[in-house]
Amino acid sequence: MTQPRINAKLEVERKDRIHNDLSAAAHHLKKRIDKALAPDGDREGVGLDIMAGITMLGFTFEAYLNFVGPLRVEGWNERASGKDKREAVWKALGLTWEPEQRPASTILQLITVRNMMAHGQAVTVRKEWVAQGTDGELQGLLRNYQTEFDKLTTPEFFAQAYEDVEAVWRMLLDAGKISVIDTFTTGMSGMTFLSHAE
């Protein structure tokens, strides 16, 4: 049986809080990384998951600023640089940015590696140093040399960045006196019958 055709007024209102989606993606990747790094885990692709997770964390941090900013910063500028947005939010909330201490130091490193990936610029590293050791020890030093990118895409850095981004989020909500429920994506919709269609 077919339904009769009608004329109706449709209404929808949504408040998309993209920071939730980005944070959920980072959390999903964290679970995959933790599972891969377990003693019996399948490590295939874990480095790519770490890169993706770090990217999501970088986006999540900026999305947190873009959520809090319009609520608490007079004259919020969505198009400002990430640094200017962070400074505006910290000032409005009366927070102190301490770049030498966690979580701020981690956030700065996270932004650095996110920018490295976002801009995709090739980097050439040339370094010379004098070292002492056996041939095997010296070969090990060369094998284990890490660039800045290598150091910022490790499982350890990802875990630290995940912890610190979430700590910053809790700090922003607390300082901004923002209820967690107000951070959720919400929506409502309705339909009002007008008449039967001809």
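Structure report, in brief.

## Considering the overall build of the protein
Moving on, step 1. Along the protein, the regular secondary structure elements total 7 helices and 2 strands.
Moving on, step 2. Reading the protein from its N end, one meets helices and strands in the order β-α-α-α-α-α-α-α-β.
Moving on, step 3. Its C-alpha atoms give the protein a radius of gyration of 24 Å, clearly above 16 Å, the size a compact globule of 198 residues would have.
Moving on, step 4. If you line up the protein on its principal axes, its C-alpha atoms span 90 × 50 × 30 Å.
Moving on, step 5. Relative to its 198 residues, the protein shows a buried fraction of 30%.
Moving on, step 6. Intrachain contacts of the protein at a sequence separation of at least 6 include 73% that bridge at least 24 residues.

## Looking at the nonpolar core
Note on soluble globular proteins: their nonpolar side chains tend to be buried together.
Moving on, step 1. Core analysis: the largest hydrophobic core is formed by 37 residues, its most contacted members being Leu57, Val68, Val89, Trp90 and Leu172.
Moving on, step 2. Put simply, the parts of the chain that give this core at least two residues each are helix H1 (18-37), helix H2 (46-72), helix H3 (82-93), helix H4 (104-119) and helix H7 (155-175).
Moving on, step 3. The element contributing the most residues to this core is H2, with 11 residues.
Moving on, step 4. Setting aside its immediate chain neighbours within four residues, Leu57 contacts Ala26, Leu110, Phe158, Ala161, Tyr162 and Val165.

## Let's talk about the packing of H2 against H4
Moving on, step 1. Closest axis-to-axis distance for the H2/H4 pair is 9 Å, and the angle between their directions is 115 degrees. Read as a crossing pair, H2 and H4 show a hand that is left-handed. Counting all contacts with H2, which are made through Met51, Ile54, Thr55, Leu57, Gly58, Phe59 and Phe61, the residues of H4 involved are Ile107, Leu110, Ile111, Val113, Arg114 and Met117.
Moving on, step 2. The residue inventory of the contact of H2 with H4, partitioned by class, reads 10 nonpolar, 2 polar and 1 charged.

## Describing the packing of aromatic side chains
The description of an aromatic ring pair rests on the distance of the ring centres and on the angle between the ring planes.
Moving on, step 1. Evaluation of the coordinates by the stated rule reveals 5 aromatic pairs.
Moving on, step 2. Between the aromatic rings of Trp90 and Trp97, the centroid separation amounts to 5.1 Å while the plane-to-plane angle is 85 degrees, which identifies the pairing as edge-to-face. Exposure class is identical for Trp90 and Trp97. Each is buried.
Moving on, step 3. A cation over a ring is seen here: Lys30 above Tyr162, with NZ or CZ 5.5 Å from the ring centre.
Moving on, step 4. Against the face of Trp97 rests Arg86, its NZ or CZ located 4.0 Å from the ring centre.

## So, the pattern of salt bridges
Moving on, step 1. Under the definition given, this model contains 7 salt bridges.
Moving on, step 2. With its nearest N and O atoms 2.8 Å apart, the salt bridge here joins Lys85 to Glu62. In this pair, Lys85 sits in helix H3 while Glu62 sits in helix H2, placing the two residues 23 residues apart along the sequence.
Moving on, step 3. By sharing partners, the salt bridges in this structure join Arg102, Glu163 and Asp164 into a single network.

## Focus: the environment of Asn77
Moving on, step 1. As for its placement among the helices and strands, Asn77 is situated in the loop between H2 and H3.
Moving on, step 2. Within polar-contact distance, the side chain of Asn77 engages the backbone nitrogen of Arg79 at 3.0 Å.

## What about a nonpolar patch on the surface?
Moving on, step 1. Taken together, the side chains of Val123, Val125, Trp129, Leu141, Leu142 and Tyr145 present a nonpolar region at the surface, about 580 Å² in accessible area.
Moving on, step 2. Turning to its location among the elements, Val125 is positioned in the loop between H4 and helix H5 (135-143).

## Focus on the packing of H4 against H7
In helix packing, the relevant descriptors are the interaxial angle and the interaxial distance, both defined with respect to the helix axes.
Moving on, step 1. Direction vectors running N to C along H4 and H7 enclose 120 degrees, while the axes themselves pass 9 Å from each other. Here the hand of the crossing between H4 and H7 comes out left-handed. Packed against H4, whose contacting residues are Thr106, Ile107, Gln109, Leu110 and Val113, the element H7 presents Phe157, Gln160, Ala161, Asp164, Val165 and Val168 at the interface.
Moving on, step 2. In terms of residue class, the contact of H4 with H7 is made up of 7 nonpolar, 3 polar and 1 charged.

## A look at H4
Moving on, step 1. With 16 residues, H4 extends 22 Å from end C-alpha to end C-alpha; this agrees with the ideal 22 Å at 1.5 Å per step.
Moving on, step 2. Buried within H4 we find Ala104, Ser105, Thr106, Ile107, Leu110, Val113 and Arg114.
Moving on, step 3. The inward-facing, buried residues of H4 contact H2, helix H6 (148-151) and H7.

Procedures and definitions
- Residues numbered from 1 in each chain as written.
- Predicted model: local features only at pLDDT ≥ 70, side-chain atom pairs only at ≥ 80, totals over all residues.
- Heavy atoms only, no water.
- Helix = DSSP H or I, 4+ residues; strand = E, 2+ residues; numbered from the N terminus.
- Rg over C-alpha atoms; globule rule 2.2 N^0.38 Å.
- Buried < 20%, exposed > 50% of the residue type's maximum accessible area, 1.4 Å probe, protein only.
- Contact = heavy atoms within 4.5 Å.
- Core = buried A, V, L, I, M, F, W, Y, C linked by side-chain atoms within 4.5 Å.
- Axes fitted to C-alpha atoms, helices over the stretch in contact; angles between N-to-C directions.
- Left-handed = near helix turned anticlockwise from the far one by under 90°.
- Nonpolar A, V, L, I, M, F, W, Y, C, P; charged D, E, K, R; others polar.
- Phe/Tyr/Trp six-rings, centres within 6.5 Å; stacked < 30°, edge-to-face > 60°.
- Lys NZ or Arg CZ within 6 Å of the ring centre and 35° of its normal.
- Salt bridge = Lys/Arg side-chain N within 4 Å of Asp/Glu carboxyl O.
- Polar contact = N/O pair within 3.5 Å; in protein donor to acceptor, adjacent residues only side chain to side chain.
- Patch = residues over 30% accessible without salt bridge, like charges linked within 9 Å, V, L, I, M, F, W, Y side chains within 5 Å.
- Areas by Shrake-Rupley, 256 points an atom, 1.4 Å probe, with all protein chains shown as cover.
- Expected span 1.5 Å × (residues − 1).

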